[in-house]
Amino acid sequence: MGKEDTGRLLSKVAKFVRNPLKDWSELDTQESVPADNGYSREMLKEMIERRQRNDFVRRREFDMLRKLRQREAAGGTADGAAAISSFNLSTTGKSEGRALTLKKIDEIEEQMSQQWWKGRGQGAEGPGSATAPAAPGQVPAGPQAQEDHRARAYADTEPGVSPSTPQGAAGIMASREGAVPASLEDAAIRFAQSDDAGAEAVLLQMTAPDSPHAEHAEVWRALLDFYRATGDGEKFGAASTRYAQRLKRPGPEWVSLRSLARDAQAGFDAMPAQEASAAPEQRRPDWTCPALLTREGLAELTRSLAAAGPVWHMDWRNLKTIDHDAAAPLRALFNHWADSPVQLRFTGAGQLLDVLEQAAPTGDKSIDVVWWQLRMAVLRTVHEPDSYELASLNYCITFEVSPASWSDPRGSYECLDQAAPPVPDYPADSGGAALVGNLGGDCKPMLQRLDAQLMHALMPIVSCAALVRVDLEGARAIIDWVAGHEEQGRRIEFVDMHRLVATFFHVVGITDHASVSIRSN
């Protein structure tokens, strides 16, 4: 036996020792295995490295998108976003800004729950229970009370400000935000008497840098409401800038109460003619969404559409919340509409999309994915491809999974919001009852209209979103009207009232017989 055979035999014996369970004849076939295993290990290693690189790039992109969204939410520009992504991320920043705004509104409403305009007869501290005036020659205790005492003592030397009596309806201003300065009553009375110059002078005096009320947010907002009521957008912008600089918070958005009142009145005047001349599907929607949409509401929707004609008209303006159990059936319904040749007409589609946007916040993985799917189904149904792509991007940021891509819907869709003049968003329980414009003199026709609108209302709510001014004669008529309803066990609630009219309602005693809540913006 040669050396080569001896070496091969010893090598084979060594293989048998390492693999005792292998058959003697299979030991020669093991020589090709290491190469294959090595090749497999190299392939596996390459796959792992490629996946790690992809994951790193994806995480870096998501971090970059989050930083851009945070920069936009903090007031930065969107130039960087435009250079990196083809999507318009400004809407995402607006969504976060809206969430911060809603949070701030909730804080303000919680503070205002202690104020007198939430109702004086509810046991809360109000002007009637404010600090009593000091006796002659006695200075009230506390630094803020001393400042108010000095302000009243020297009020006659201040131009444009009349002395405020200690028994004023607003009482002495407390140090915390939420109480109402007594001088605000003077501005409200002057405004009710159409003395706009005098009311502005009082409000500007109260918001001056050396005023003890310069840090009082409600005083500033009363000034901004004054400019809204007078329609002076230029002065509103300047005052809003000073408000933001002084209180370190963004100012409210501009809206002309005069324009709102004019459009609302035009809508009221044109309503009978529109009802008479419009087509049947335009006069009244086939289905009106309730404030809380449940599975029972969806059943009513399907029954209503089954009895409707070829064009389906739905009104979503009253929608506030969608029950979780109704989300999945509603998603299936919208997907069916998008894939079917149906003719849809929506009123208030923006309200529906706003509710769904709040239900599916970006970055919150704890939210049920059905809300995102419902939102994108609605966007597809109403033919909004750009908004759909933006929602898909936010969905991908939140769950790191790409949703279904856009596909054109088969049905036709039309938004009917532009068919009527813009009317303020009245509460769903108000039945359209509203005070509009300037009220003075004989208000009996207006009050009779309110009685007819509130006849079957579960909660007698009157919207004041388009109310500009109420004079003394109008206030007397309103007092008699709300007192009559209070005797019948129905307490009228006025909502969305601007601050000068709300203060005047308190001065004349309307808040003794009705509830008043001010604007939230």
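See the structure shown above.
Residues numbered from 1 in each chain as written. Predicted model: local features only at pLDDT ≥ 70, side-chain atom pairs only at ≥ 80, totals over all residues. Heavy atoms only, no water.

Observations regarding the overall build of the protein chain
The test is simple: In this description a helix means any DSSP run of H or I spanning at least four residues, a strand means any run of E spanning at least two, and both kinds are numbered starting from the N terminus. Type-normalised accessible area, obtained with a 1.4 Å probe on protein chains alone, sets the label of each residue: buried when under 20%, exposed when over 50%, and partly exposed for intermediate values. Throughout, the Shrake-Rupley method with a 1.4 Å probe supplies accessible areas, and for residues the shown protein chains are the sole cover considered.
On a plain count of helices and strands, the protein chain comes out with 19 helices and 10 strands. Looking at the protein chain as a whole, 40% of its 521 residues qualify as buried. Here the protein chain displays about 28100 Å² of accessible surface, and carbon together with sulfur accounts for 52% of that area.

Details of the sheet that holds strand β7 (residues 434-439)
Either a parallel or an antiparallel arrangement is found when strands of a sheet pair, and the pairing is made through backbone hydrogen bonds. Counted only if it meets this: At least two bridges found by DSSP between two strands is the condition for calling them paired. Angles here are taken between N-to-C directions and fall from 0 to 180 degrees, while the axes themselves are lines fitted to C-alpha atoms, restricted in helices to the stretch in contact. Contacts are assigned to residue pairs that have any heavy atoms within 4.5 Å of one another.
The strand order across the open sheet built from four strands is β7-β8-β9-β10, with neighbouring strands paired in parallel fashion. Either end of the sheet is taken by a strand with one partner, and the two such strands are β7 and β10 (515-518). The average undirected angle you get between the axes of adjacent strands in this sheet is 25 degrees. The sheet strands contacting helix α17 (residues 444-453) are β7 and β8 (461-470), and the helix crosses β7 at an angle near 170 degrees.

Section: the packing of aromatic side chains
Any two aromatic rings considered together are summarised by their centre-to-centre distance and by the angle between their planes. Heads up, the rule is: Note on ring pairs: Phe, Tyr and Trp rings are taken, using the six-membered ring of Trp, and paired if centres are within 6.5 Å. Classes follow the plane angle, with under 30 degrees stacked, over 60 edge-to-face and the rest tilted. Only Lys NZ and Arg CZ are tested; either one counts as a charge over a ring when it is within 6 Å of the ring centre and within 35 degrees of the ring normal.
Applying the stated criterion to the full structure yields 16 aromatic pairs. Through successive ring pairs, a cluster of aromatic residues spans W287, W312, W316, F334, W337, F346 and Y413. Above the ring of F191, the side-chain terminus of R469 is found at 4.1 Å from the ring centroid.

Brief notes about the pairing of β7
With five of six residues buried, β7 lies mostly within the body of the structure. The pairing of β7 with β8 spans five bridges and is classified as parallel. Across the sheet, the residue bridging to G437 is L467, located in β8.

Considering the packing of α17 against helix α18 (residues 472-487)
Going by this rule: Should an angle fall under 35 degrees it is called roughly parallel, over 145 degrees roughly antiparallel, and 65 to 115 degrees roughly perpendicular, with every other angle called oblique. The hand of a helix crossing depends on one turn: near helix anticlockwise from the far one by less than a right angle means left-handed, and clockwise means right-handed.
Close contact between α17 and α18 brings their axes to 10 Å; oriented N to C, the two are set at 25 degrees. When the axis of α17 is compared with that of α18, the two are roughly parallel. The interaxial crossing formed by α17 with α18 has right-handed handedness. Counting all contacts with α17, which are made through L447, L450 and D451, the residues of α18 involved are A477, W481 and H485.

Examining the pattern of salt bridges
Here is the rule we go by: By salt bridge we mean one thing: a side-chain nitrogen of Lys or Arg within 4 Å of a carboxyl oxygen of Asp or Glu.
Inspection of the entire model under this criterion finds 14 salt bridges. Between R491 and E486 there is a salt bridge, with its nearest N and O atoms 3.3 Å apart. By relative accessible area, which is 31% here, R491 ends up partly exposed. Exposure remark for E486: the relative accessible area of 32% places this residue in the partly exposed category.

Notes on unusual backbone geometry
Non-glycine residue E400 carries a positive phi angle of around 60 degrees. As for its position among the elements, E400 is in the loop between α16 (385-399) and β6 (412-415). Residue classification places E400 among the partly exposed positions, given a relative accessible area of 33%. Here the phi dihedral of D496 falls at roughly 60 degrees; this positive angle occurs in a residue that is not glycine.

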